[in-house]
Amino acid sequence: MEQTNACNNLKGRHILLGITGSIAAYKAAMVCRLLKTAGAEVQVVMTALAKEFITPLTMATLSKNPILVEFFDPENGQWNSHVKLGEWADCFLIAPATANTMAKMVGGIADNLLLTSYLSARCPVVVAPAMDLDMYAHPATQQNLRILADRHVGIVEPGDGELASGLVGKGRMAEPDEIVAFVNELFSEKKKSLEGKHFVVTAGATIESIDPVRFISNHSSGKMGYAISEELARRGARVTLVSGRTALDCPPGVDRVDVLSADEMYEATVEAYGRSDGGVMCAAVADYTPLEAADHKLKKSDDDLVIRLRRTRDIAARLGAEKGSRLLVGFALETDHEEVNAESKLHKKHFDFIVLNSLRDAGAGFRGDTNKVALIDDHGREDLPLMSKRDVAVHIVDKMESLL
Ligand code: PMT
């Protein structure tokens, strides 16, 4: 059970272990023990309800630290500073994490010490959800998990099996050794393999104004480009993310430059590219923009409206022309003749490889959390199955590393 020999990145790390009110709280004792055996320092923060499931005495004994539950000690008025806890921690692991606590994390509710610590935490946060199968499957819980993942909270997927309710399904907290291995992986040196490198990533949709009210744009959410930026930063690269309009938060450790139009994206990307080791062109950039944007709201009339469009400048083509020894990765979003079109872009824009996604594939392309891509270069094509955009990003960055 105790697989601490594989968890050699945890020595000396400060782990804030949050425990919430779930029957799975008993497993937090083993999580704590595994962390300690791997050499981590552990400070436990519990919700009031968690104390009903596992005693503070057990957790204090295992963690070798007093347990924190309240904002202050009613006996002597000593203040438990959530800000200091947030600064102290190298990782905030919440195991088990109930549906209630995760919903509050999403909503920014701060009605206990664990939640205020979450809002103050500057370190990576990981949750190990634990609940009944219907609670887990409920759209509210699933949406909250997606929002947390978008905010870069690590999620240790719950397992399938018999639940405390007697029902069988998905919702039981992952096993302690899996949870500790997940945290260990966060500190993996392998992920620092791009230290000293600098990449420019474009992401999201551009906005081309017609007048102060209307614009031309597309369906890109930015998720694919943000996942790539996050993966590059996780491996130690410096990342300049030139981002069109999106609702996403900037990934940790990434420098974001916000732009609106294709012209603005062009300027910002070319500027950052000059001092970089390469780029990933993931944005859905408008190919055409209104010849001129009206400075007042266009009034409607009974006639049809004709808007003249001019070509925008091609960012990737410019970067390709100035590539030198840099690594340049492009995307091709196609609806037909996919491979031919992607290969033509690969060569025209001097990409080292191109990531082809087709809107003909279910679960691929815009907006969703998944993508189905093929990585194409001069030597051939590697088809990847449908997977999360985060996993696609891992494959893309792995291929980039192999070419550096
Ligand atoms: O953001 P999401 O919702 O997660 O969706 C992801 C995505 C579908 C937007 C992404 O996976 C993707 O395919 N991005 C590229 C979309 C696109 O515009 O492809 P394209 O085939 O039209 O362009 C080819 C390449 O040239 C792309 O790398 C593009 O970024 C680049 N380009 C295009 C036009 C232009 N003016 N400048 C460019 O740099």
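Scroll up for the structure.
Notes on the structure follow. Bear in mind the structure is a predicted one, so any value in this text is a computation, not a measurement.

Further remarks concern the environment of Ile 23. Mapping Ile 23 onto the fold places it in the loop between β1 (14-19) and α1 (25-37). Remark: the alpha-carbon pair of Ile 23 and Trp 88, spanning 65 residues in sequence, is separated by 28 Å. In contact with Ile 23, other than residues within four places in its own chain, are Phe 53 and Ala 164.

Before going further, it helps to spend a moment on the packing of helix α4 (residues 99-107) against helix α5 (residues 113-120). Running from N to C, α4 and α5 cross one another at 40 degrees; their axes reach a closest spacing of 10 Å. Our classification of the angle between α4 and α5 gives oblique. Considering only the axes of α4 and α5, their crossing is right-handed. In this structure, α4 contributes Thr 101, Lys 104 and Met 105 to the contact, and α5 contributes Leu 114, Leu 115 and Tyr 118. For the contact of α4 with α5, the class distribution of residues is four nonpolar, one polar and one charged.

Below, the discussion takes up the environment of Gly 154. Among the secondary structure elements, Gly 154 is positioned in strand β5 (residues 154-155). A relative accessible area of 17% places Gly 154 in the buried class. Placed 70 residues apart in sequence, Gly 154 and Met 224 show a C-alpha to C-alpha distance of 17 Å.

Here we come to the sheet that holds strand β4 (residues 125-129). What holds strands together in a sheet is hydrogen bonding between their backbones, with the strands either parallel or antiparallel. Taken in spatial order, the five strands of this open sheet run β2-β1-β3-β4-β5, and their pairing is parallel. Looking at the sheet topology across the chains shown, the edges are occupied by β2 (41-46) and β5. Two elements, β1 and strand β3 (residues 91-97), share four bridges in a ladder whose sense is parallel. Counterpart to Leu 17 in the pairing with β3 is Leu 93. Against the sheet, α5 makes contact with β1, β2, β3 and β4, and its axis sits at roughly 140 degrees relative to β3, the strand it touches most.

Of the pockets and cavities examined, the second largest pocket occupies roughly 830 Å³. As for the second largest pocket, its lining consists of 41 residues, and the residues nearest its centre are Ala 283, Ala 284, Val 285, Phe 331 and Leu 333. Secondary structure elements with two or more residues in the lining of the second largest pocket: α9 (223-234), β15 (309-311), α11 (315-321), β16 (327-334) and β17 (353-358). By residue number, the principal contributor to the lining of the second largest pocket is β16, which donates four residues. Looking at side-chain class alone, the lining of the second largest pocket contains 18 nonpolar, 14 polar and nine charged residues.

A word on the pattern of salt bridges. Should their charged atoms come close, side chains of opposite charge can pair. Evaluation of the coordinates by the stated rule reveals 27 salt bridges. Between Asp 111 and Lys 104 there is a salt bridge; the shortest N-O distance is 2.9 Å. Taking the relative accessible area as the measure of exposure, Asp 111 reaches 46% and is therefore partly exposed. Take Lys 104: its relative accessible area is 18%, and that puts it in the buried class. Between Glu 334 and Lys 345 there is a salt bridge, with its nearest N and O atoms 2.6 Å apart. With Glu 334 in strand β16 and Lys 345 in helix α12 (residues 338-348), this pair connects stretches of sequence that are eleven residues apart. Look at Glu 334 and you get buried, because its relative accessible area is 6%. Look at Lys 345 and you get partly exposed, because its relative accessible area is 26%.

Attention now goes to the nonpolar core. Grouped together as the largest cluster of nonpolar side chains are 36 residues, with contacts concentrated most on Leu 10, Leu 17, Ile 19, Met 59 and Leu 93. Listed by contribution, the elements that provide at least two residues to this core are β1, α1, β2, β3, β4 and α8 (176-186). By residue number, the principal contributor to this core is α1, which donates seven residues. Setting aside anything within four residues of it in sequence, one finds Met 59 in contact with Leu 17, Ile 19, Ala 28, Ala 29, Cys 32, Val 44, Met 46, Ile 54, Lys 64 and Ile 67.

We now examine the side chain of Asp 211. As for its placement among the helices and strands, Asp 211 is situated in the loop between β9 (208-209) and β10 (215-216). Classification of Asp 211 as buried rests on a relative accessible area of 3%. Engagement of the side chain of Asp 211 in a polar contact is seen with the backbone nitrogen of Leu 298, the distance being 2.9 Å. Residues contacting Asp 211, with those up to four places away along its chain left out, are Ala 294, His 296, Lys 297 and Leu 298.

If you trace the eight strands from one edge of the open sheet to the other, you get β12-β11-β8-β13-β16-β17-β19-β20, paired in mixed fashion. Each having just a single partner strand, β12 (254-258) and β20 (380-383) make up the two edges of the open sheet. Across this sheet, the average inter-strand angle for adjacent strands is 20 degrees, counted without regard to direction. Alignment of strand β8 (residues 198-203) against strand β13 (residues 278-281), held across four bridges, turns out to be parallel. Within the sheet, the bridge partner assigned to Phe 199 lies in β13 and is Gly 278.

For the rest of this paragraph, the subject is the state of the cysteines. Applying the stated rule across the entire model yields zero disulfides. Among the cysteines around Cys 250, which has no disulfide bond, Cys 282 carries the closest sulfur, lying 15 Å off.

Thresholds applied
- Residues numbered from 1 in each chain as written.
- Predicted model: local features only at pLDDT ≥ 70, side-chain atom pairs only at ≥ 80, totals over all residues.
- Heavy atoms only, no water.
- Helix = DSSP H or I, 4+ residues; strand = E, 2+ residues; numbered from the N terminus.
- Contact = heavy atoms within 4.5 Å.
- Axes fitted to C-alpha atoms, helices over the stretch in contact; angles between N-to-C directions.
- Parallel < 35°, antiparallel > 145°, perpendicular 65-115°, else oblique.
- Left-handed = near helix turned anticlockwise from the far one by under 90°.
- Nonpolar A, V, L, I, M, F, W, Y, C, P; charged D, E, K, R; others polar.
- Buried < 20%, exposed > 50% of the residue type's maximum accessible area, 1.4 Å probe, protein only.
- Pairing = 2+ DSSP bridges.
- 1 Å grid on protein atoms, 1.4 Å probe; cavity = no way out; pocket = protein on both sides within 12 Å on 5 of 7 lines; lining within 4 Å.
- Points joined across faces, edges and corners; volume = space filled by probe spheres on them.
- Salt bridge = Lys/Arg side-chain N within 4 Å of Asp/Glu carboxyl O.
- Core = buried A, V, L, I, M, F, W, Y, C linked by side-chain atoms within 4.5 Å.
- Polar contact = N/O pair within 3.5 Å; in protein donor to acceptor, adjacent residues only side chain to side chain.
- Disulfide = S-S within 2.5 Å.

The quantities given are spatial measurements derived from coordinates; they are silent on function.
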